[in-house]
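Listed below, chain by chain, are the residues.
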Amino acid sequence: MRHPLELYRAEQVRELDRRAIEGHGIPGYELMCRAASAAFDRLRARWPEVRTISVFCGAGNNGGDGYVLARLALEAGFDVQLIALKAPADLSGDALRAAQDWLQAGGTVDEAEASIHGALLVDALLGTGLDRAPSGPYAELIDRINAHPAPVLSLDLPSGLNADTGQAPGACVRAELTVTFIALKRGLFTGGAGAFTGQLLLDALDVPETLAEDLPADARLLEAAELARCLPSRPCHTHKGETGHVLVIGGDLGMSGAPVLSGQAALRTGSGLVSLATRGATAAAALAVQPELMVHSVDNPDALKARIGAADVLALGPGLGRSDWSQAMWSEAMKSARPMVLDADGLYWLAQRPRERQQLIITPHPGEAAMLLGTTSQAIQADRFQAVRSLADRYSAVAVLKGWGSLVATPDGQVEVCPFGNPAMASAGMGDALTGIIASLLGQGLAAFDAARVGVLAHALAGDRAARGRRQILASDLITALAEVLPA
Ligand SMILES: NC(=O)C1=CN([C@@H]2O[C@H](COP(=O)(O)OP(=O)(O)OC[C@H]3O[C@@H](n4cnc5c(N)ncnc54)[C@H](O)[C@@H]3O)[C@@H](O)[C@H]2O)[C@@H](O)CC1
Ligand SMILES: [K+]
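By the naming in an unreviewed UniProt entry, the protein chain is Bifunctional NAD(P)H-hydrate repair enzyme, taken from Wenzhouxiangella marina. Per UniProt, the protein chain carries the Subunit (unreviewed entry) text "Homotetramer."

Shown next as structure tokens:
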């Protein structure tokens, strides 16, 4: 049924649960038992030496999963401590039945304050039902779990994480392994989620293949194989005039490095010709760094117009600045109908003077996204899916929202999520490299959405390749690594 790359909102996963129960006659308690059993199998595979566990159960069905897992572990001869935030008698539905079966099997229930004695902690406090920041005993218990030295297995979601947004509104469990059920929740892949999930595994609970028919996924995960799929191999007679001429426009005084990085990235991604249109004073410095670039000193709009006439694709914004020169260059470039990637101060000018144009890709980080949508970066991060859709809609552009779990959206609401990339990439110039990669792909004939999503993917994979075991990499390291991740 669901392709494993398809991502859903919590409400859609509830609908899948409902269809399994009502449409296919699989009782809710049976699903709960399958979930617990799948998680217990993973627990034993991951921590084969562990025989003592502490299971933390909340008041809903996530807690029910915990009760069933506790019973399965008890029956398998484990020493099981169960700490509950609500007395079994106060539970309802399947969770109540799970708790009754636990007690029937001889299990006991500790209160929230009990000292924790497991060598492994199973987090079944909150799942997709989270509807507010944990407080009181929930927040205290989450803090105690995180302070405890034992590893944590989270059921369905790390408790405290919002399944839709990937944000934790308050305390949130930091798991070493998360086993998620039925379908992938979109919030597991962006925002702050990576800090909480640890390794992530999906178990679809053997529900019928047809369950997700007529239920379009909310978003889709990018996979590495897309690179080879979207970048066909080149015919033997390819020459440099056939692979797109990229013009990078930027490099105000003191900012000549940014367009050079974009230009280098475009060259490495496969552009045959890459030109820079930059300020007279910085042109010589740019040329000295990378002789394969064609560097033009452009001091007025007419000079830029001539350069645009010779190019196939524009990358507008790297180091563009906010001076009169910057504004004049921006206005001239925006008149052209060439496909364009707009980044950095190019986005600053767009926020000042919103306008529509065909074939536009915008690549803001959360701060720039906030500027474009007239809000704060906290508000952007609070719901990145909503933000990237708003950007694409408001600017009639393909929008890339950068940051962990980069998102790419079309104006009609399609969203793809990049699950690659790493914290060693948190350094200056990474965005300039991405701009150059995407512009290069546009120049090689990819449609705007493909150029953006495959560009984000290539950038993240090159970042992962360059980072292997390193704390920090430079944008130039990533650009060099592009050669290793792009198909020949
Ligand atoms: N049949 C099903 O629907 C299945 C559900 N499953 C499990 O059920 C979970 C969803 O169950 P529920 O919808 O009962 O939701 P949860 O178990 O996630 O939590 C809901 C309860 O927590 C309370 N709550 C929400 N936020 C809180 C907060 N910050 N602090 C304290 N309490 C809070 C709610 O008021 C409600 O009582 C899934 O994540 C999954 O683990 C699985 O067993 C698979 C089958
Ligand atoms: K949980």
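Engineer: Residues and numbers for the sheet that holds strand S8 (residues 199-203), please.
Structural biologist: Spatially, S3-S2-S4-S5-S6-S8 is the arrangement adopted by the 6 strands of the open sheet, whose pairing is parallel. Bordering the open sheet on either side are strand S3 (79-84) and S8, each of which pairs with just one other strand. For this sheet, the mean angle separating the axes of adjacent strands, direction not counted, is 20 degrees. Helix H3 (residues 61-75) rests against strand S2 (52-57), S3, strand S4 (120-124) and strand S5 (152-155) of the sheet, and its axis sits at about 160 degrees to S2.

Engineer: An account of the sheet that holds strand S13 (residues 313-316) is needed here, citing residue identities and associated values.
Structural biologist: Judged by pairing direction, the sheet is mixed, and its 12 strands sit side by side in the order S7-S1-S9-S18-S17-S16-S15-S14-S13-S10-S11-S12 without closing on themselves. Of all the strands in the sheet, just strand S7 (184-185) and strand S12 (294-297) have a single pairing partner and so form its edges. Bridge count for strand S16 (residues 398-401) against strand S17 (residues 407-409) is 3 bridges, and the pairing is antiparallel. Of the residues in S17, the one forming a bridge with alanine 399 is alanine 409. Strand contacts of helix H9 (residues 280-289): strand S11 (273-278) and S12, with the helix running at about 165 degrees to S12, the strand carrying the most contacts. In the packing of helix H10 (residues 301-310) onto the sheet, contacts are made with strand S10 (245-249), S11, S12 and S13, and the angle to S10 comes to roughly 155 degrees.

Engineer: Help me get a handle on the domain arrangement of the protein chain, residues and values and all.
Structural biologist: By domain assignment, the protein chain separates into domain 1 (6-220) and domain 2 (226-485). For domain 1 versus domain 2, the separation of C-alpha centres amounts to 41 Å. Tallying the contact residues gives 12 residues for domain 1 and 12 residues for domain 2. Classifying every residue of the side of domain 1 that touches domain 2 by side-chain character gives 4 nonpolar, 6 polar and 2 charged.

Parameters at a glance
Residues numbered from 1 in each chain as written. Chains lettered and ligands numbered in written order. Predicted model: local features only at pLDDT ≥ 70, side-chain atom pairs only at ≥ 80, totals over all residues. UniProt positions renumbered as here; feature names shortened; annotations may be inferred. Pairing = 2+ DSSP bridges. Helix = DSSP H or I, 4+ residues; strand = E, 2+ residues; numbered from the N terminus. Axes fitted to C-alpha atoms, helices over the stretch in contact; angles between N-to-C directions. Contact = placed C-beta atoms within 7 Å. Domains from an automatic or database assignment. Nonpolar A, V, L, I, M, F, W, Y, C, P; charged D, E, K, R; others polar.

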